[in-house]
There are 2 protein chains.
Amino acid sequence: MSRMSAPSRAAREHAERRLGALATPPGALGRLGGLAVQVAACQGQVPPRPLEDVRLTIFAGDHGVAEHGVSAFPPAITGAMVRTFLAGSAGVSALAAAHDVRVRVLDLGVDDDFADLDETTRSELTRHKVRRSSGAIHLEDALTPDELERALEAGAEVARDAIADGAQLLLSGDMGIGNTTPAAAMISAVLDLRAGEVVGRGTGIDEPTLRHKTDLVDQALDRCGPRRGDPREVLAALGSADLAAATAYLLQAARSGVPVVLDGLMSVACALVAERIDPGARDWFIAGHRSPEPGQSLALEALGLDPLLDLGMRLGEGSGAVTAVPVLRSAVAVLREVALLEELGV
Amino acid sequence: MSRMSAPSRAAREHAERRLGALATPPGALGRLGGLAVQVAACQGQVPPRPLEDVRLTIFAGDHGVAEHGVSAFPPAITGAMVRTFLAGSAGVSALAAAHDVRVRVLDLGVDDDFADLDETTRSELTRHKVRRSSGAIHLEDALTPDELERALEAGAEVARDAIADGAQLLLSGDMGIGNTTPAAAMISAVLDLRAGEVVGRGTGIDEPTLRHKTDLVDQALDRCGPRRGDPREVLAALGSADLAAATAYLLQAARSGVPVVLDGLMSVACALVAERIDPGARDWFIAGHRSPEPGQSLALEALGLDPLLDLGMRLGEGSGAVTAVPVLRSAVAVLREVALLEELGV
């Protein structure tokens, strides 16, 4: 697999010169300055274009491990929430509407046939479906090799299509009861940590459930064995159809030269695996927010990314990434619109 | 002076019930949840109305102490930046345009007659002007008692007018070379601290200038003496026309039942004095961002406010408050638009 290109060094240097020439004291824009430079480098254009076409893809799927007591919610919630996204009344729907972000939800592995939906909606939702639920990772691989390939191709295709259609910035979101368990397993495997350092409370489990979840992740890691060293094997053994697709989506965005805003645990776990598959991918990633999940902070640190927001959000769905989008727009606006010192005549 | 009303307790409790009934896991919205409840309580309405009419007032003024070597920039920059706000090409102009915030700049004490401006612009800019520059606080009071009253009335009138015209959320911003010196003095006085704990580098002064600035603030505090215990005396002795007007603007917003997003050091120094003048004002204040100035964090802590953003911004102008506005809009959106669990049918 080819190594991707880096963001434009020439545009970065040009953007840094422009930033330094703005009629603002040196460094006064704080992180907005560096963020604007990163967007300009990704776009290869100074000043950067406004981020008008921003799209979130929510990768939905169920997880066999959710049948084994790792979540505060029953698996049937996954399908119910997918319907809520389609109805536009989920948390991320409200945020996306407020900030002009287009949302697409895709069923990669939901344990639901969505037979109640009209055919157009159902066909669009399930066109990339790999299977119903992924394997219970402490007992079996999440995906067969063929399923992994299909999931990876689906994620890449979704990113390619969005970019061909004009997307300037991609966001990845997730929906799937139990999905913090495979995400924690993926991070543990890549960073060579035991589950106790990585596993968190997800949507709010109690102490005994947390211990059980930690045990299952350790079992999954042990079952996976030395395959932990290969990022694709990590996706097949410890991930899921939805997480593999999200990983490929992030990679494809980077390969196509489009920056990505990461969300919480699932998104960042996929970004970590993407960086192992194709080093340099992280240069295209922007960390939207810090989640309370310890694994998310560990993965961000390993990626060298510092999140823009820290609001204690743990909703998933891409909600943290969407909430961070206006900060990126702020950054682009200052590098585009602020006068240069030489224009002030003082 | 009357004590203001608190935000609606009934609306707060109603908003908390609605938050708890949303189809999101308990606590998953993080700070967006509490913020939405606060806005609802301030509006006395559940769900809260969208924050469509948001206005920033930039209080501009010069400071006699700036002639005594406390800033990295010459005082003439104040007038030049006022012209940049009027032209819409300052940092905060770009941010405000990106986030649909109306900006008004007012000259309370700029050492410039703005004779080059057209009469309509000049008249609007200077209609509340109290004096040209405020007194050098280490040597003399910033304002006479009469000037203080005029500045306070100006700030209150500006807030009243904006609210009468439909403003749903007010922001305060500042412009004035040297203004971090009186702001640090005000915070030191109110919190009974010496300058060394409070003074910061402003727009980027070097170590000898920082020591000199600290000495001047201590001189100002000593000169002020026991008047430090009276918040109005603090404004007259250690503040300025622009800072006194901003303080009254914040107070009037609170008295009129309109929430305020605070900005950096100047805005928060004024909020601290406002809370001393009329305890309970802080219930109407939302901290927009954390500035690198140590005094800002000390004042926020004393006010019991935790900022929404921490992006290392130190531009002033109200820029941090404007950058935080989309976070408030996110909060309002989720409490307005997200489905209730009982509507999901699961």
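On a predicted model such as this, the values are computed, not experimentally measured, just so you know. What you see as residue numbers is a count from 1 along each chain, following the sequence as written. To label them, take the chains in the order written and letter them from A, then take the ligands in the order written and number them from 1. Totals for whole chains, interfaces and linings use all residues, but because this is a predicted model, local features are given only for residues with pLDDT of at least 70 and pairs of side-chain atoms are given and counted only at 80 or more. With hydrogens and water stripped out, all remaining heavy atoms of the structure feed into the side-chain values.

Student: Mind showing me how you'd approach the UniProt feature "active site" (unreviewed entry) in chain A here?
Tutor: Residue and element names in this part refer to chain A. When the UniProt feature table is mapped onto this chain numbering, "active site" (unreviewed entry) sits at Glu317. Numbering goes from the N terminus for both helices and strands, where a helix is a DSSP run of H or I of at least four residues and a strand is a run of E of at least two. Within the element layout of this structure, glutamate 317 appears in the loop between helix H12 (294–303) and helix H13 (319–337). For this analysis, residues touch if any pair of their heavy atoms sits within 4.5 Å. What glutamate 317 contacts, discounting residues up to four positions off in sequence, is Leu56, Ile58, Met81, Phe85, Ala90, Gly91, Val92, Gly173, Asp174 and Asp263. A polar atom in the side chain of glutamate 317 sits 2.9 Å from the backbone nitrogen of valine 92. UniProt positions are given in the numbering used here, feature names are shortened, and annotations may be inferred rather than shown by experiment. Residues adjacent in sequence count toward polar contacts only when both atoms are side-chain atoms; beyond that, a polar contact is any pair of N or O atoms within 3.5 Å, and within protein one must be able to donate a hydrogen and the other to accept it.

Student: What is the right way to read the relation of the copies chain B and chain A from this model?
Tutor: The relation between the two copies of this chain is a rotation about an axis and a shift parallel to it. Turning chain B through 180° and shifting it by 0.0 Å along the axis lays it on chain A, with an RMSD of 0.0 Å. The superposition of one copy onto the other is thereby described by a two-fold rotation axis. Here 100% of the contact residues of chain B are again contact residues in chain A; the copies associate through an equivalent surface. Here the copies are superposed with least squares, the fitted atoms being C-alpha atoms of residues at a pLDDT of at least 70 in both.

Student: What exactly am I supposed to notice about the domain arrangement of chain A here?
Tutor: Interface size, as often reported, equals the accessible area lost upon joining of the parts. Residues and elements named next belong to chain A. With domains assigned, chain A is organised as domain 1 (9–48 + 333–344) and domain 2 (54–325). Distance from the C-alpha centre of domain 1 to the C-alpha centre of domain 2: 33 Å. In this complex, domain 1 contributes four residues to the contact, which on the side of domain 2 involves nine residues. Buried area: the accessible area, evaluated with a 1.4 Å probe, that two parts lose upon being put together, summed over both parts. With both chains or domains summed, domain 1 and domain 2 bury close to 640 Å², and 58% of this area falls on carbon and sulfur atoms. The largest contributions to the domain 1 side of the interface with domain 2 come from Arg31, Gln38 and Cys42, which together make up 69% of the buried area. Take a side-chain nitrogen of Lys or Arg and a carboxyl oxygen of Asp or Glu: if they are within 4 Å of each other, that pair is a salt bridge. Taken together, the connections running from domain 1 to domain 2 amount to one salt bridge. The salt bridge partner of aspartate 306 is arginine 31, with a shortest N-O separation of 3.6 Å. Connecting domain 1 to domain 2 are four residue pairs in polar contact (both at pLDDT 80 or more). The residue makeup of the side of domain 1 that touches domain 2, split by class, is two nonpolar, one polar and one charged. Residue ranges assigned to the domains are those given by an automatic or database domain assignment. When residues are sorted by character, Ala, Val, Leu, Ile, Met, Phe, Trp, Tyr, Cys and Pro go into the nonpolar class, Asp, Glu, Lys and Arg into the charged class, and all the rest, Gly among them, into the polar class.

Student: Got a minute to help me understand the environment of Pro182(B) in this structure?
Tutor: Residue and element names in this part refer to chain B. Following the sequence through the fold, proline 182 ends up in helix H7 (residues 180–191). C-alpha of proline 182 to C-alpha of leucine 117: the two residues are 65 residues apart in sequence and 29 Å apart in space. With sequence-adjacent residues up to four places away left out, proline 182 is seen in contact with His63, Val65, Ile137, Leu238, Gly239 and Leu243.

Student: Whenever I open this one, the sheet that holds strand E2 (residues 101–109) of chain B confuses me. Can you help?
Tutor: Consider a sheet: its strands pair through backbone hydrogen bonds, and that pairing is either parallel or antiparallel. All names here are of chain B. If you trace the five strands from one edge of the open sheet to the other, you get E2-E1-E3-E4-E5, paired in parallel fashion. The sheet terminates laterally at E2 and strand E5 (285–287), the two strands that pair on one side only. Shown here is a sheet whose adjacent strand axes are inclined to one another by a mean of 30°, direction ignored. A pair of strands counts as paired when DSSP detects no fewer than two bridges linking them. Pairing of strand E4 (residues 260–262) with E5, which is carried by three bridges, proceeds in the parallel orientation. Following the sheet pairing, leucine 262 is matched in E5 by alanine 287. Seen against the sheet, helix H13 (residues 319–337) touches strand E1 (54–61), E2, strand E3 (169–175), E4 and E5 and runs at an angle of roughly 165° to E3. To define axes, lines are fitted to C-alpha atoms, for helices over the stretch in contact only, and angles between the resulting N-to-C directions are given on a 0 to 180 degree scale.

Student: Would you mind going over the packing of aromatic side chains with me for this structure?
Tutor: Centre-to-centre distance and the angle between the planes together describe a pair of aromatic rings. Residues and elements named next belong to chain B. Pairing of aromatic side chains here covers Phe, Tyr and the six-membered ring of Trp, requires ring centres within 6.5 Å, and sorts the geometry by plane angle: under 30 degrees stacked, over 60 edge-to-face, intermediate tilted. Scanning the entire structure with this criterion turns up two aromatic pairs over all chains. For the ring pair phenylalanine 59 and tyrosine 249, a centre distance of 5.0 Å and an interplane angle of 70° mean the geometry is edge-to-face. Remark: tyrosine 249 occurs in helix H10 (residues 241–255) and phenylalanine 59 occurs in strand E1; sequence separation between them is 190 residues. The residues phenylalanine 59 and tyrosine 249 share a single accessibility class, namely buried. Each residue is assigned to one of three classes by its accessible area relative to the maximum for its type, calculated with a 1.4 Å probe on protein chains only: buried under 20%, partly exposed between the two thresholds, exposed over 50%.

Student: I'm lost on the interface of chain B and chain A in this one. Help?
Tutor: Contact residues are listed per partner, giving 41 residues for chain B and 41 residues for chain A. Both faces considered, chain B and chain A share a buried interface measuring about 3200 Å² in area, 74% of it formed by carbon and sulfur atoms. Where chain B packs against chain A, one counts zero salt bridges. Across the contact surface, chain B and chain A share twelve residue pairs in polar contact (both at pLDDT 80 or more).

Student: How do you make sense of the side chain of Glu147(A) when you look at a structure like this?
Tutor: Secondary-structure assignment places Glu147(A) in helix H6 (residues 145–164). With sequence-adjacent residues up to four places away left out, Glu147(A) is seen in contact with Val130(A), Arg131(A) and Ala142(A).

Student: Any chance you could explain the packing of helix H7 (residues 180–191) of chain A against helix H8 (residues 207–224) of chain A here in plain terms?
Tutor: Geometry of a packed helix pair, given as the angle between the helix axes and the separation of the axes. Residue and element names in this part refer to chain A. Packing of H7 against H8 leaves a shortest axis separation of 10 Å and a crossing angle of 50°. On the basis of the axis angle, H7 is oblique to H8. Both H7 and H8 take part in a crossing whose hand is right-handed. Note on element contacts: H8 touches H7 through Lys213, Val217 and Leu221, opposite Thr180, Thr181, Ala184, Ala185, Ser188 and Ala189. Looking at the contact of H7 with H8 residue by residue, the class counts come to five nonpolar, three polar and one charged. Here is the rule for angles: anything less than 35 degrees is roughly parallel, anything more than 145 is roughly antiparallel, 65 through 115 is roughly perpendicular, and the remaining ranges are oblique. Crossing handedness is defined as follows: a turn of the near helix away from the far one that is anticlockwise and smaller than a right angle gives a left-handed crossing, while the clockwise case is right-handed.

Student: What exactly am I supposed to notice about the environment of Thr209(B) here?
Tutor: Residues and elements named next belong to chain B. Tracing the chain through its elements places threonine 209 in helix H8 (residues 207–224). Its relative accessible area of 19% is what places threonine 209 among the buried residues. Taking the C-alpha atoms as reference, threonine 209 lies 29 Å from leucine 303; in sequence the two are 94 residues apart. When sequence neighbours within four positions are dropped, the list of residues in contact with threonine 209 reads Gly69 and Val70.

Student: Just checking my understanding: could you explain empty space enclosed by the protein for this structure?
Tutor: Leftover empty space is mapped by rolling, across the atoms, a probe with the size of a water molecule. In the cavity and pocket records, a cavity denotes points on a 1 Å grid over the protein atoms alone where a 1.4 Å probe fits but cannot get out, a pocket denotes an open set with protein on both sides within 12 Å along at least 5 of 7 lines, and lining residues are residues with an atom within 4 Å of a point. Grid points are joined across faces, edges and corners, and a volume is the space filled by probe spheres set on the points. The tally for this structure, following the rule as stated, stands at two cavities of 30 Å³ or more. Around the largest cavity, the lining residues are Phe59(B), Ser172(B), Gly173(B), Asp174(B), Asp242(B), Leu243(B), Ala246(B), Met266(B), Ser267(B) and Cys270(B). Looking at the lining of the largest cavity, the elements with two or more residues in it are E3, H10 and helix H11 (265–277) of chain B. Looking at side-chain class alone, the lining of the largest cavity contains five nonpolar, three polar and two charged residues. Within this model, the second largest cavity holds a volume of roughly 40 Å³. Along its surface, the second largest cavity is lined by Phe59(A), Ser172(A), Gly173(A), Asp174(A), Asp242(A), Leu243(A), Ala246(A), Met266(A) and Ser267(A).

Student: How should I be thinking about the state of the cysteines in this particular structure?
Tutor: When the sulfur atoms of two cysteines share a covalent bond, that bond is a disulfide. Here, the term disulfide refers to a pair of cysteine sulfur atoms separated by no more than 2.5 Å. Summed over all chains, the structure comprises zero disulfides over all chains. Free of any disulfide, Cys224(A) has its nearest cysteine sulfur in Cys270(A), 15 Å distant.

Student: Sorry, what's going on with the pattern of salt bridges here?
Tutor: Pairing between side chains becomes possible if they bear opposite charge and their charged atoms approach one another. Residue and element names in this part refer to chain A. Enumeration over the complete set of coordinates arrives at 50 salt bridges over all chains. Between glutamate 124 and arginine 104 there is a salt bridge, with its nearest N and O atoms 2.9 Å apart. One end of the pair, glutamate 124, is in helix H5 (residues 119–126); the other, arginine 104, is in strand E2 (residues 101–109), and 20 residues separate them in sequence. For glutamate 124, a relative accessible area of 36% translates into the label partly exposed. Between glutamate 157 and arginine 127 there is a salt bridge whose closest N-O contact spans 3.6 Å. Here glutamate 157 is found in helix H6, whereas its partner arginine 127 is found in the loop between H5 and H6, with 30 residues between them in sequence. The exposure class assigned to glutamate 157 is partly exposed, which follows from its relative accessible area of 24%. Connected via shared salt-bridge partners are Asp53, Arg55, Arg102 and Asp165.

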